[in-house]
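Report on the structure
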Amino acid sequence: GAVVSQHPSRVICKSGTSVKIECRSLDFQATTMFWYRQFPKQSLMLMATSNEGSKATYEQGVEKDKFLINHASLTLSTLTVTSAHPEDSSFYICSASSRGGEKLFFGSGTQLSVL
Amino acid sequence: GESVGLHLPTLSVQEGDNSIINCAYSNSASDYFIWYKQESGKGPQFIIDIRSNMDKRQGQRVTVLLNKTVKHLSLQIAATQPGDSAVYFCAENLSSTGGFKTIFGAGTRLFVKA
């Protein structure tokens, strides 16, 4: 089956620093990647959608200058949380779909803790 | 982002019993629905999907039912096992700029008692 690898699995950082999370599709070309955020005991909230080579489309209420998304190749997307603050602490999950596909394949998630 | 940010309801069942998890979706134009299972600290895993032109689909030990009239989905798990303990989410695909986006429902936590 399709495999999506996400790194790091856990990161702890100081307030004000930036954190980069990588999401790779290992055995298929991910034309579209999605980034979700999940707070404890809550559902997944879509943050943004990125198509390879295009600017990401952000959901309402998500700051594009704070959550920088790059999808420069068909196998890699990155999410950079800039100037992180404690309220950004959350579980971030990427997912990917192939060209014409409607099913998402998920990474294992990144637990971000901002001190 | 779009989602239902509610605290998760819980379903507790005895091992070997059948489980039924329900979900209401929001958009009558959605034509593709998916059930995902999420274990603690992990990403969601695909369980089963269904298109809007169907009202029932069966997999191994799982069945999804779709009622478009009332915008309702259910997931039935037969002979529930301890390994089925997890949070279950329904999701719907909505048309979006450049393709689609997948929106998750509130989720249900399933506890299986041995």
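Quick look at the structure, then. (Residues numbered from 1 in each chain as written. Chains lettered and ligands numbered in written order. Predicted model: local features only at pLDDT ≥ 70, side-chain atom pairs only at ≥ 80, totals over all residues. Heavy atoms only, no water.)

This part covers the interface of chain A and chain B. In this complex, chain A contributes 24 residues to the contact, which on the side of chain B involves 30 residues. Summing both sides of the interface, chain A and chain B together bury roughly 2,100 Å²; the carbon and sulfur share of this comes to 52%. Here chain A and chain B share two salt bridges between them. Contributions of two or more residues to the side of chain A that touches chain B are made by strand S4 (30–38), strand S5 (44–51) and strand S9 (90–98) of chain A. For the side of chain A that touches chain B, the element with the most residues is S5(A), which contributes five residues. Considered class by class, the residues forming the side of chain A that touches chain B number ten nonpolar, ten polar and four charged. (Contact = heavy atoms within 4.5 Å. Buried area = accessible area lost by both parts, 1.4 Å probe. Salt bridge = Lys/Arg side-chain N within 4 Å of Asp/Glu carboxyl O. Helix = DSSP H or I, 4+ residues; strand = E, 2+ residues; numbered from the N terminus. Nonpolar A, V, L, I, M, F, W, Y, C, P; charged D, E, K, R; others polar.)

This next bit is on the side chain of Gln6(A). Residue and element names in this part refer to chain A. Mapped onto the elements, glutamine 6 comes out in strand S1 (residues 4–7). Note on glutamine 6: relative accessible area 2%, which makes it buried. Within the structure, the side chain of glutamine 6 is placed 2.7 Å from the backbone oxygen of tyrosine 92, a separation counted as a polar contact. A polar atom in the side chain of glutamine 6 sits 3.1 Å from the backbone nitrogen of cysteine 94. Ignoring anything within four residues of it in the chain, the contact list for glutamine 6 reads Ile21, Glu22, Cys23, Trp35, Tyr92, Ile93, Cys94, Gly107, Ser108, Gly109 and Thr110. (Buried < 20%, exposed > 50% of the residue type's maximum accessible area, 1.4 Å probe, protein only. Polar contact = N/O pair within 3.5 Å; in protein donor to acceptor, adjacent residues only side chain to side chain.)

The subject of this paragraph is the state of the cysteines. Residues and elements named next belong to chain A. Under the defined criterion, the tally for this structure stands at two disulfides over all chains. The side chain of cysteine 23 participates in a disulfide bridge whose partner is cysteine 94; the two sulfur atoms lie 2.0 Å from each other. One disulfide, between cysteine 23 and cysteine 94, carries an S-S torsion of 80 degrees and so falls in the right-handed class. With cysteine 23 in strand S3 (residues 19–25) and cysteine 94 in strand S9, this pair connects stretches of sequence that are 71 residues apart. Its sulfur unpaired, cysteine 13 is 18 Å from the next cysteine sulfur, which belongs to cysteine 94. (Disulfide = S-S within 2.5 Å.)

This part covers the sheet that holds S3(A). All names here are of chain A. Taken in spatial order, the four strands line up as S1-S3-S8-S7 in an open sheet, and their pairing is antiparallel. Sheet topology places S1 and strand S7 (67–73) at the edges, where each strand pairs with a single neighbour. Strand after strand, the sheet turns through a mean of 15 degrees between neighbouring axes, direction not considered. Examined bridge by bridge, S7 and strand S8 (residues 76–81) share five bridges and lie antiparallel to one another. Across the sheet, phenylalanine 67 pairs through a bridge with valine 81, a residue of S8. (Pairing = 2+ DSSP bridges. Axes fitted to C-alpha atoms, helices over the stretch in contact; angles between N-to-C directions.)

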